[in-house]
Every structure is written in C-alpha cells, then in structure tokens.
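Coordinates in review
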Amino acid sequence: MVSDTWQNWAGTQSATPRQFATPRNARELAALVVDAASRGLHVKAVGAGHSFTGVAVTDGIMVSLDNLTGIESIVPTDDGALVTVLAGTRLHALNEALWDRGYAMTNLGDIDVQSIAGALGTGTHGTGARFGGLATQIRGIEIVTADGSIVTCDADQNSELYEAARIGLGAVGIITKLTLACSPRFTLRAVEKPDTLSHILDTLEDECRNVDHFEFYWFPHTDRVLTKRNTRLPGDSPLKPVNSVRAYLDDELMSNTLFEGVNRIASLVPAAIPAINQFSSRMLGAREFTNRSYEVFASARRVRFKEMEYAVPVEHVKDVLREIDKWLNKSETRIAFPVEVRFAAADDIWLSTANGRDTAYIAVHQYHRRDEAEYFAAVEAIARAVDGRPHWGKMHNRTVDDLRPTYKRLDDFIAIRDKYDSDRIFRNAYLDQVLGE
C-alpha cells in the first residue's frame, strides 16, 4: 500500500514511504521487520514528527507506534516508582496518567507532544543543572532488532544494546517499551520575569546552583531576556495556577497569535526586527504561579519554526552567547525568535549531548517562512569552536567524521549497530550522515 507524503511538524523533512504500518504489538512489529528485510525495504519508526532532522525519514516502511500506548505497570520504589510505558505514548498523556497515579517524570522538556520513545531516542533534555536529560530516567528497554527478535535489555542483561539504545536514533532497533525511574509527583513554583542579558551572565553560576530548573530567553539585537525559575515543591502543595484571563493573554494571545503576526511582519520587513524585539521584550511582565510539574515544564508552541540547538560545556556558555551577539551586530541578518538557554547535568549515556560534562544548551530558531542557513551556520561555527555537540533531533550539518572526536563512545555505538543491524534495515540518509553507512 502506498502512503501519502509524510511531513514533519516544521516542514523541514518529508517522505513518501512505500508503506505506512501501524502494528498493534511487538510481535506484529517484529513480523513486519522480518518481512521488510526479505523484500529489501528499510524500516523507520515515527512518532509525532517533532524532530527537525530526517531521523524518521524512509523510502521503505514508515512505522507508527500509535497503537502501542499506555502504562503497562508501576512498581513502587523507595524514591518513586519504576514505570513501564509503551513506546508510542505521547508525553502529555503519560504526564497526566502518571500524576493520577501519584508520580511524575523527574524532568521534562518544554514541549510535550512527542512520543516517549521519540523524545528519549533523540536526546530530549529539559533544564536544571542538577538533573540529567530524559534518557537518564531509563532503566529498561524492550526493542525489536533487525532480525525480528524482541529483546529485553537493561544494565544487567544485553547491557551493550541497552547502552546504545538509551539514545539510539532508531539505529539499533525499534523500541516498543520503556521502563522509567519516575519521581513522586511534585509541583513547581514558577517565577518568570524580564531581566538583562548582561546581568544574567554575571550571576549565571548562582542561578544554576540555587534554582532547581533555570532557563532564559534572550531577544537578539537587545540586552533583554525573559527568565524562568522553577522550584520543586511537594505534590500536595496548594496549586495557584495563572488565572484563565492572564493565561490566555500571555500564553495564547501574545506567545502564539501575536507572535505569529510579528513574524509575518518581520518576514516582510526584516529591518524592523530590532525595534520589534525591543518592544516585545518590554511587553513581557513578571508572573508567579504554582502548578503540577508537567503543566509548568511544557508550553504550547503553535508558531512554526526551524531550530538548531547546540550543547556546549557549561563553562563556555557566556562566551558563546557573546560571540553570537557580536556576529549579529556585524551581520545584516535579523532574528525575531528569542535564543533559548537551558542546562543539564553530566551523564554517561554514549550518545548523550551531556556525556561526561555539565552542559548548557543554546537553541536558535528561525520562522518557518524565513531562511535560516546563514544564521545557523554562524552559530554552529561558534559552538563547534568550544566542542559543541548538536542536538540529534534538530538541524545541523555535522557528520560522523567530525562527531567522532567529541563522542568518545561513538565507535562503540557503531559496533553495536553493526552487530544488531549489519544489513542496515533501519538505515536512512540522516543516519548515514551522523553514523556512516
């Protein structure tokens, strides 16, 4: 059966696979993989299509895991629970289901529409200098490999496959089930207020040390930022959400409806962008509220954009931001989207962007109707100069040869890929780029 053309959320990738499949369980998926191999077809799983790269693109069989959803089991532990969840479960659905059962993801990114397997498989990380990315919560994986085997792996059994699959880019198999170490549910007290970039850079170490989840958004061509400080509170703390009128004005009208209009104007008159950014940054007022953790972490993003994000050693984040500012001042490029800056603790996952080092994430965006090439290339060069690592699910130009020096376990990952998918059933152009053929 020939499917319609698939396109990702940002419109940066598309595919017309030979077949679009929706297996109902791991056994059906395994049979599908075996059949595809016998016909010489590639197989790729796709979630919500929120990756900006071609990680899910295929000319063969595109597999949706939308039938593999829900929580399978919860085993309480001394510090939370081990939660086994099916791979196609969307993050927003998982968050609500966990809360109802008394638990929560320890950390989350700022978007919750992805499938759990897709988010973890490309290295989604969230923010918080004491907290690892989402994949650090994985304790076990069920995965269908290229020969149709359904393999269970963790730190003790099939441990090499487990190490590779925690952030696996879909290269070593298709994950069908994940066991996650979840926290008791908690609330977040959010304090959001404007500040200046110069002040934040002067106090950045204190912010990262003293705030559970700190991030900020810098408005290019200005010294203005919006800061977000989220403090963890017990799950039974009284909730004080933003009132409905303020929530509509801030999160829907300004952040989506008006921001879309601003970007359309900016596309027509780029020279107006610095003045627009000055005005927009000063329109943002301070607010404080307390809500369920997942309601605070994630926000609605309806303005379409293209994104590149680089993970840099945290000690270099100030220099990188200053270099971006210098480049913008010299360039004729004008950027309406804020630059997002977040933080994560070091981890030991082979392909994690935070492997072996405390990390700052610098994400740059461009409205989907505007060209991003010059801006992204400049930021990429600045980040690479301090050994930056690109987010696997966001736009970049890196290849296996120049990624090898920054990922000490990359060749170990490739060896596991060779072992479990020697015929490259799960291959596509993006994996050829970052892992080699």
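Just so it is clear, the structure is predicted and the values come from calculations on it, not from any experiment.

**Overview of the overall build of the protein chain**
- Per the secondary structure count, the protein chain includes 14 helices and 19 strands.
- Its C-alpha radius of gyration of 21 Å places the protein chain within 12% of the 22 Å reference for a compact globule of 437 residues.
- For the protein chain, the spread of C-alpha atoms along the three principal axes comes to 60 × 50 × 40 Å.
- Every one of the 437 residues in the protein chain was classed for burial, and the buried ones make up 58%.
- Nonlocal contacts in the protein chain, meaning residues at least 24 apart in sequence, comprise 73% of its contacts between residues at least 6 apart.
- Surface accessibility of the protein chain: about 17,800 Å² in total, with carbon and sulfur atoms responsible for 49%.

**Quick look at the environment of aspartate 371**
- Relative to the assigned elements, aspartate 371 resides in the loop between strand E18 (359-367) and helix H11 (373-384).
- Note: C-alpha distance between aspartate 371 and asparagine 263 (108 residues apart in sequence) is 13 Å.
- Polar side-chain contacts of aspartate 371 include one of 3.3 Å to the backbone nitrogen of alanine 373.

**Digging into the nonpolar core**
- Counting residues in each nonpolar core, the largest one holds 74 residues, and the members touching the most others are Leu178 and Leu180.
- When sequence neighbours within four positions are dropped, the list of residues in contact with leucine 178 reads Val83, Thr84, Val85, Ile116, Ala117, Leu120, Ile138, Gly140 and Ile141.
- Grouped together as the second largest cluster of nonpolar side chains are 42 residues, Phe214, Val225, Val320 and Val379 included.

**As for the sheet that holds strand E12 (residues 186-196)**
- The 8 strands are arranged E15-E12-E14-E13-E17-E18-E16-E19 in an open sheet whose pairing can be described as antiparallel. In this open sheet, the two strands that pair with only one neighbour each are strand E15 (287-292) and strand E19 (389-390).
- The sheet contact formed by strand E13 (residues 213-218) and strand E17 (residues 339-344) spans 3 bridges and is antiparallel. Residue pairing for E17: phenylalanine 216 is matched across the bridge by valine 341.
- Strand contacts of H11: strand E16 (305-313), E17 and E18, with the helix running at about 10 degrees to E16, the strand carrying the most contacts.

**Here's the deal with the sheet that holds strand E4 (residues 43-46)**
- In space, the 3 strands of this open sheet follow the order E3-E5-E4, with parallel pairing throughout. Each of the sheet's edge strands pairs with one partner strand only, and the pair in question is strand E3 (19-21) and E4. Neighbour to neighbour, the strand axes of the sheet diverge by 25 degrees on average, direction disregarded.

**Considerations on helix H8 (residues 273-283)**
- Listed as buried for H8 are Ile273, Ile276, Asn277 and Ser281. One face of H8 carries all of its buried residues, which in axial projection span an arc of 125 degrees. Away from its buried face by more than 90 degrees, H8 exposes Ala275, Phe279 and Arg282.

**Some words on the state of the cysteines**
- By the definition in use, this model includes 0 disulfides.
- No disulfide involves cysteine 182; its sulfur sits 18 Å from that of cysteine 153, the nearest cysteine.

**Structural notes on the packing of helix H10 (residues 317-330) against H11**
- The geometry of H10 relative to H11 is characterised by a closest axis approach of 10 Å and an angle of 145 degrees between their N-to-C directions. For the crossing formed where H10 meets H11, the hand is right-handed. Only Glu374, Tyr375, Ala378, Val379 and Ile382 of H11 make contact with H10, whose side of the interface consists of Val320, Glu323, Ile324, Trp327 and Leu328.
- Across the contact of H10 with H11, the residue classes break down as 8 nonpolar, no polar and 2 charged.

So, how was this worked out
Residues numbered from 1 in each chain as written. Predicted model: local features only at pLDDT ≥ 70, side-chain atom pairs only at ≥ 80, totals over all residues. Heavy atoms only, no water. Helix = DSSP H or I, 4+ residues; strand = E, 2+ residues; numbered from the N terminus. Rg over C-alpha atoms; globule rule 2.2 N^0.38 Å. Buried < 20%, exposed > 50% of the residue type's maximum accessible area, 1.4 Å probe, protein only. Contact = heavy atoms within 4.5 Å. Areas by Shrake-Rupley, 256 points an atom, 1.4 Å probe, with all protein chains shown as cover. Polar contact = N/O pair within 3.5 Å; in protein donor to acceptor, adjacent residues only side chain to side chain. Core = buried A, V, L, I, M, F, W, Y, C linked by side-chain atoms within 4.5 Å. Pairing = 2+ DSSP bridges. Axes fitted to C-alpha atoms, helices over the stretch in contact; angles between N-to-C directions. Arc of directions from axis to C-beta. Disulfide = S-S within 2.5 Å. Left-handed = near helix turned anticlockwise from the far one by under 90°. Nonpolar A, V, L, I, M, F, W, Y, C, P; charged D, E, K, R; others polar.

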